[in-house]
Amino acid sequence: MQMLLNADDYRSSAQKFLPRGLFDYIDRGTEDEIALRRLRASLDEITLTPSVLTGHDRRSFETTLLGQRLAAPIVVAPTALAGLVAHDGETKLARAASRVGIPVCISTQSVTTVEAIRRGAPDATLWFQLYVWRDRTLTKRLLERARACGCETLVVTADTPVSPNREYNKRNGFGIPFVPSLRSTCDIALHPRWFVNVLARYLLSEGMPTYGHYPDEFRTVITRPSIAEAVRLDHRLNWDDIGWLREIWPGKLIVKGVLAAGDAETATELGCDAIVISAHGGRNLDCLPAPAECIRAIADAVKGRLTVLADSGVRRGTDVLKYLALGAEAVLLGRLPLWGLAAGGETGAEAVLRMVVGEMDAAMAFLGAERVSELRSPSFRATRRAGPE
């Protein structure tokens, strides 16, 4: 049995378990995948300067984020259809995150409803991610459901106005909605463990997986090629919609997908509590800057008036520390927990999260830092290495 020691190990295990179409949907970027490579390069270029002989016996990662006490400054990011990675995958992610002491963000497009996740993970800190539907009344009802399940933090995805150009999905015969084809059927047949442990369990218990949060009258299986107009994602979203959400949502409000200081300023003016500086994992637009290139300017612009979070491209605990040193207060993890979930179910998801925290702990010891807040001090400055001319 393969020993899983780092992100690459978990990714390799996930690749063997998942059908190629589903794995690529999680793992890859868009178009020529330049943004995906830029994410990795932007983090690899950053160095952190240590302070030696600081005499710390142990490190503490406890932090308060948006009024919630966390064991570490990380959050499981919202990911569509995590329930296809493992049976009841969203609930398993929630329980894993709960045991580690961090929040998990539930996607509008999850297989399992937020109500079922709450029943299966009663102690989890649940956030809720929103794709705004065209029918605002239905959108409001969805938010009421999330609030009733104890979700106090709403994350609005703002960087996906249209469907990304992911050509590999077409070649693999995989897309959302999923349209069965000879190629995709052969792909599933070549991954019998996934079929037996995931898809067959759904088929035997409740039928073909659906988008769990859609109202009953609009709920469709993932193979249906069309969705009712009322619950189509509204691609015309603008700042007035964020203002409306601020009026109706009583909890914390986060805008995800910000890369420009001007947008961060607007979010501040509208009363948002936080932003996520994000390139959507390199999955949407191939010419985007990397978050690591934007954090300092945005943090300087908002000057503590709202909380700055970051995501995209994280493969190591040191990547988390680099984002924190640049000015983020917490980091969202997307692909990593899914690889853990695919590799070992709930146990694998928890193991990946603890692995990241363990890597953070070792790096903090070498850096001479006792608390993550120290990383933003001048003595632990993050420096970008000069590239070749």
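Figured I'd write up the structure that's included with this text. (Residues numbered from 1 in each chain as written. Predicted model: local features only at pLDDT ≥ 70, side-chain atom pairs only at ≥ 80, totals over all residues. Heavy atoms only, no water.)

### Here we look at the overall build of the protein chain
(1) Moving on: Within the protein chain, the secondary structure is distributed over 14 helices and 12 strands.
(2) Moving on: For 389 residues, the compact-globule formula gives about 21 Å, and the C-alpha radius of gyration of the protein chain, at 20 Å, lands near that figure.
(3) Moving on: The principal-axis extent of the C-alpha atoms belonging to the protein chain is close to 60 × 55 × 45 Å.
(4) Moving on: Residue pairs at least 24 apart in sequence account for 72% of intrachain contacts in the protein chain once pairs closer than 6 positions are excluded.
(5) Moving on: When the accessible surface of the protein chain is totalled, it reaches about 16700 Å², and 52% of it is carbon and sulfur.
(6) Moving on: Once the 48 positive and 46 negative side-chain charges of the protein chain are each reduced to a mean point, those two points are 3 Å apart. (Helix = DSSP H or I, 4+ residues; strand = E, 2+ residues; numbered from the N terminus. Rg over C-alpha atoms; globule rule 2.2 N^0.38 Å. Contact = heavy atoms within 4.5 Å. Areas by Shrake-Rupley, 256 points an atom, 1.4 Å probe, with all protein chains shown as cover. Lys, Arg positive; Asp, Glu negative; His and termini not counted. Charge placed at Lys NZ, Arg CZ, Asp CG, Glu CD.)

### Observations concerning the layout of surface pockets
(1) Moving on: Considered as a void within the structure, the second largest pocket measures approximately 330 Å³ in volume.
(2) Moving on: For the second largest pocket, the lining is made up of 19 residues, of which Thr 157, Ala 158, Asp 159, Leu 237 and Asn 238 are closest to its centre.
(3) Moving on: At the level of secondary structure, the elements contributing two or more residues to the lining of the second largest pocket comprise helix H10 (239-248) and strand S8 (252-258).
(4) Moving on: Top element by residues in the lining of the second largest pocket is S8. It accounts for 3 residues.
(5) Moving on: Grouping the amino acids of the lining of the second largest pocket by side-chain chemistry returns 11 nonpolar, 5 polar and 3 charged. (1 Å grid on protein atoms, 1.4 Å probe; cavity = no way out; pocket = protein on both sides within 12 Å on 5 of 7 lines; lining within 4 Å. Points joined across faces, edges and corners; volume = space filled by probe spheres on them. Nonpolar A, V, L, I, M, F, W, Y, C, P; charged D, E, K, R; others polar.)

### Here's the deal with the nonpolar core
(1) Moving on: Residues Leu 18, Leu 126, Ile 275, Val 320, Leu 321 and Tyr 323 are the most contacted members of the largest nonpolar core, which totals 105 residues.
(2) Moving on: Here Leu 18 is in contact with Phe 23, Ile 26, Val 85, His 191, Trp 194 and Ala 342, once residues within four sequence places are set aside.
(3) Moving on: Val 75, Cys 105, Val 276 and Ala 330 belong to the second largest nonpolar core, which has 14 residues in total. (Core = buried A, V, L, I, M, F, W, Y, C linked by side-chain atoms within 4.5 Å. Buried < 20%, exposed > 50% of the residue type's maximum accessible area, 1.4 Å probe, protein only.)

### Re empty space enclosed by the protein
Picture a little ball the size of a water molecule; that probe, rolled over the atoms, points out where space is still empty.
(1) Moving on: Within this structure, the stated rule accounts for 1 cavity of 30 Å³ or more.
(2) Moving on: Of the volumes computed, that of the largest cavity is approximately 60 Å³.
(3) Moving on: Lining the largest cavity are Val 76, Ala 77, Thr 79, Ala 82, Glu 90, Leu 93, Val 104, Cys 105, Ile 106, Ser 107 and Ser 110.
(4) Moving on: Looking at the lining of the largest cavity, the elements with two or more residues in it are helix H4 (89-100) and strand S5 (104-106).
(5) Moving on: Tallying contributions element by element places S5 first for the lining of the largest cavity, with 3 residues.
(6) Moving on: Split by residue class, the lining of the largest cavity holds 7 nonpolar, 3 polar and 1 charged.

### With respect to the packing of helix H3 (residues 34-44) against helix H13 (residues 317-326)
(1) Moving on: Relative orientation of the contacting elements H3 and H13 amounts to 75°, with a least axis distance of 10 Å. By the angle between their axes, H3 is roughly perpendicular relative to H13. Contacts from Arg 40, Leu 43 and Asp 44 of H3 reach H13 at Asp 319, Lys 322 and Tyr 323.
(2) Moving on: Class assignment for the residues of the contact of H3 with H13 results in 2 nonpolar, no polar and 4 charged. (Axes fitted to C-alpha atoms, helices over the stretch in contact; angles between N-to-C directions. Parallel < 35°, antiparallel > 145°, perpendicular 65-115°, else oblique.)

### Quick word on the pairing of strand S6 (residues 126-130)
(1) Moving on: With respect to burial, S6 is a largely interior element, 5 of its 5 residues being buried.
(2) Moving on: By the alternation rule, side chains of S6 split into Leu 126, Phe 128 and Leu 130 and Trp 127 and Gln 129, which are all buried.
(3) Moving on: Note: S5 against S6, 3 bridges, orientation parallel. Paired with Ile 106 across the two strands is Phe 128, which belongs to S6.
(4) Moving on: Inspection of the sheet shows S6 paired to strand S7 (residues 153-157) by 4 bridges, in the parallel sense. Residue pairing across strands places Trp 127 opposite Thr 153, the latter belonging to S7.
(5) Moving on: Following the chain from S6 across helix H6 (residues 136-148) to the adjacent parallel S7, one finds a crossover that is right-handed. (Pairing = 2+ DSSP bridges. Right-handed = clockwise from strand over helix to strand, strands pointing away.)

### Focus: unusual backbone geometry
(1) Moving on: Positive phi, close to 60°, is recorded for Asp 88, a residue that is not glycine.
(2) Moving on: Under the relative-accessibility criterion, Asp 88 is labelled partly exposed at 25%.
(3) Moving on: One non-glycine residue, Lys 303, adopts positive backbone phi at about 45°.
(4) Moving on: Residue placement: Lys 303 occurs in the loop between helix H12 (295-302) and strand S10 (307-311).

### Re the pattern of salt bridges
(1) Moving on: In the structure shown here, the tally under the stated rule is 22 salt bridges.
(2) Moving on: Across the pair Arg 136 and Asp 241 runs a salt bridge, and its minimum N-O distance is 2.7 Å. Of the two residues, Arg 136 sits in helix H6 while Asp 241 sits in helix H10, which places them 105 residues apart along the sequence.
(3) Moving on: Judged by its relative accessible area of 23%, Arg 136 is partly exposed.
(4) Moving on: Given the relative accessible area of 11%, Asp 241 is considered buried.
(5) Moving on: Residue Arg 246 is joined to Asp 273 by a salt bridge in which the shortest nitrogen-to-oxygen separation is 2.9 Å. With Arg 246 in helix H10 and Asp 273 in the loop between helix H11 (261-269) and strand S9 (274-277), this pair connects stretches of sequence that are 27 residues apart.
(6) Moving on: Several salt bridges converge on common partners, so that one network encompasses Arg 95, Arg 99, Glu 346, Glu 350 and Arg 354. (Salt bridge = Lys/Arg side-chain N within 4 Å of Asp/Glu carboxyl O.)

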